[in-house]
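# Summary of the model geometry
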Amino acid sequence: MDNLDLSVLRTAAGWRAESRRVVLGTITRTWGSAPRPVGSLVAVRDDGLIAGSVSGGCIEDDLIAQLRAGSLTLSAPTPLRYGVGAEEARRFGLPCGGTLELMLEPLGPRSALDELLARLERGERVRRTLELASGAVALGAAEAGVDTLTLSDTQLVSHHGPAWRLLIIGAGSMSDYLARMAQALDYGVTICDPREEYTTGFDLPGVTLTRDMPDDVVQAFKPDGASAIVALTHDPKLDDLALMEALRSEAFYVGAIGSRVNQAKRRARLAEHFDLTPPQLDRLHGPVGLNIGARTPPEIALSILAEMTAVRYRAGGPAVEAGCAL
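Given the structure is predicted, the values throughout are model-derived calculations rather than measurements.

The rules behind these values
- Residues numbered from 1 in each chain as written.
- Predicted model: local features only at pLDDT ≥ 70, side-chain atom pairs only at ≥ 80, totals over all residues.
- Heavy atoms only, no water.
- Phe/Tyr/Trp six-rings, centres within 6.5 Å; stacked < 30°, edge-to-face > 60°.
- Helix = DSSP H or I, 4+ residues; strand = E, 2+ residues; numbered from the N terminus.
- Buried < 20%, exposed > 50% of the residue type's maximum accessible area, 1.4 Å probe, protein only.
- Axes fitted to C-alpha atoms, helices over the stretch in contact; angles between N-to-C directions.
- Left-handed = near helix turned anticlockwise from the far one by under 90°.
- Contact = heavy atoms within 4.5 Å.
- Nonpolar A, V, L, I, M, F, W, Y, C, P; charged D, E, K, R; others polar.
- Expected span 1.5 Å × (residues − 1).
- Arc of directions from axis to C-beta.
- Pairing = 2+ DSSP bridges.
- Core = buried A, V, L, I, M, F, W, Y, C linked by side-chain atoms within 4.5 Å.

### What to know about the packing of aromatic side chains
- Here the structure, examined in full by the defined rule, presents 2 aromatic pairs.
- Arranged with centres 6.5 Å apart and planes meeting at 45°, the rings of Trp164 and Tyr187 form a pair that is tilted. Here Tyr187 lies in strand β11 (residues 187-192) and Trp164 lies in strand β10 (residues 164-169), a separation of 23 residues in the sequence.
- The exposure class of Trp164 is partly exposed, given its relative accessible area of 22%.
- Using a relative accessible area of 3% as the deciding quantity, one classes Tyr187 as buried.
- Between Trp164 and Phe252, the aromatic rings sit 5.5 Å apart at their centres with planes inclined by 70°, giving edge-to-face as the arrangement.

### A word on the packing of helix α8 (residues 236-246) against helix α9 (residues 260-274)
- The interhelical angle for the contact between α8 and α9, taken along N-to-C directions, is 65°, at an axis separation of 11 Å. The crossing of α8 and α9 is right-handed. For the pair formed by α8 and α9, the contact residues are Pro236, Asp239, Asp240, Leu241, Leu243 and Met244 on the first element and Arg266, Arg269, Leu270 and Phe274 on the second.
- Looking at side-chain class alone, the contact of α8 with α9 contains 6 nonpolar, no polar and 4 charged residues.

### Quick look at α9
- Taking 1.5 Å per residue, 15 residues should reach 21 Å; α9 reaches 20 Å between its end C-alpha atoms and fits that length.
- Every buried residue belonging to α9 is among Gln263, Arg266, Leu270 and Phe274, and all of these are buried. Take α9 and look down its axis: the buried residues cluster within an arc of 60°, on one side only. Summarising the geometry of α9, the exposed residues directed more than 90 degrees from the buried face are Val261 and Glu272.
- On its buried side, α9 packs onto α8, β14 (253-256), α10 (278-281) and β15 (284-285).
- Directly beyond the C-terminal end of α9, a positive phi value near 55° is found at Asp275.

### Some details on the sheet that holds strand β8 (residues 150-151)
- A sheet is described by the order of its strands in space; here 4 strands give the open sequence β7-β6-β9-β8, paired in antiparallel fashion. Lying at the two open borders of the sheet, with one neighbouring strand each, are β7 (137-141) and β8.
- Bridging between strand β6 (residues 126-131) and β7 involves 5 bridges; their strand directions are antiparallel. Among the inter-strand pairings, Arg128 is bridged to a residue of β7, identified as Leu139.

### Things to note about the nonpolar core
- In this structure, Leu166, Leu178, Ile191, Val230, Tyr253, Ile304 and Met308 are the most contacted members of the largest nonpolar core, which totals 26 residues.
- Mapped by element, the contributors of at least two residues to this core are β10, α5 (173-184), β11, β13 (227-231) and α11 (297-316).
- Tallying contributions element by element places α11 first for this core, with 6 residues.
- Beyond its immediate sequence surroundings of up to four residues, Val230 is in contact with Leu166, Leu167, Ile168, Ile169, Leu178, Tyr253, Gly255, Val288, Ile304 and Met308.
- Core analysis: the next-biggest nonpolar cluster, separate from the first, contains 25 residues, Ala51, Met103, Leu120 and Leu132 among them.

Structure (structure tokens):
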């Protein structure tokens, strides 16, 4: 399951393959509140079809109208600003008087779109540098931990590919749902399970599968502040080994499936056999996920990702105000 911006790039490439004119819009700056974050994408085809989103719909409608009127026949990347004044902000549906700036880029042979998609298919994190004078694009490997969009007088530098990492211990139906949903939320996903009966035939596009022992995999994973680790096997011989290493790491989220009774037993084992300290044990989310009454594998996967998202935003700074985010 692709995230929204990757889906936009795929759609734009498909339109280009049909010899259609396509304009790609990238949010480069926002002031005040904005419906979508910096770096979000929208693509508009020459007949007004649209993919992606940069607002609640009003800006997309304006882009379609401009394109149909012939004013978006661009020869080079061009900035466009919405919501400079309160009246215009209201007109374009920008909440809380926000202002939004787009870089509109006419896609062509020098846009390197197919190469970008090929690298993203391989799970790479890619730095894309757009020359504003010519529209030429250069691709390179993104630096670890860098997720910023930068705009200068001459270049727009953006980053594409998974910004977050998720390691799942255990291959099964719940892992399947969790991996697919996580990909839509911009996670690069690795699944670890040394049990042959669970991994034979287990194949998800874009997901790395390893049969090594969980503790070795966690160490090799090198969890950092952009990493989450979730244990789903119900087998202490596998889950506990992974959790031992995960709780000592810098991962922003560590979770394990199981009832409250089983979680208490797990914490006792981790403290007794692996010498984990109380602060380390307090980092364990278990029972894993938000309590939404989930029962089925997809519902439980949803609850896990909901909790991961909540923890991630608390770790990354103040949450966006709900009244200004919708």
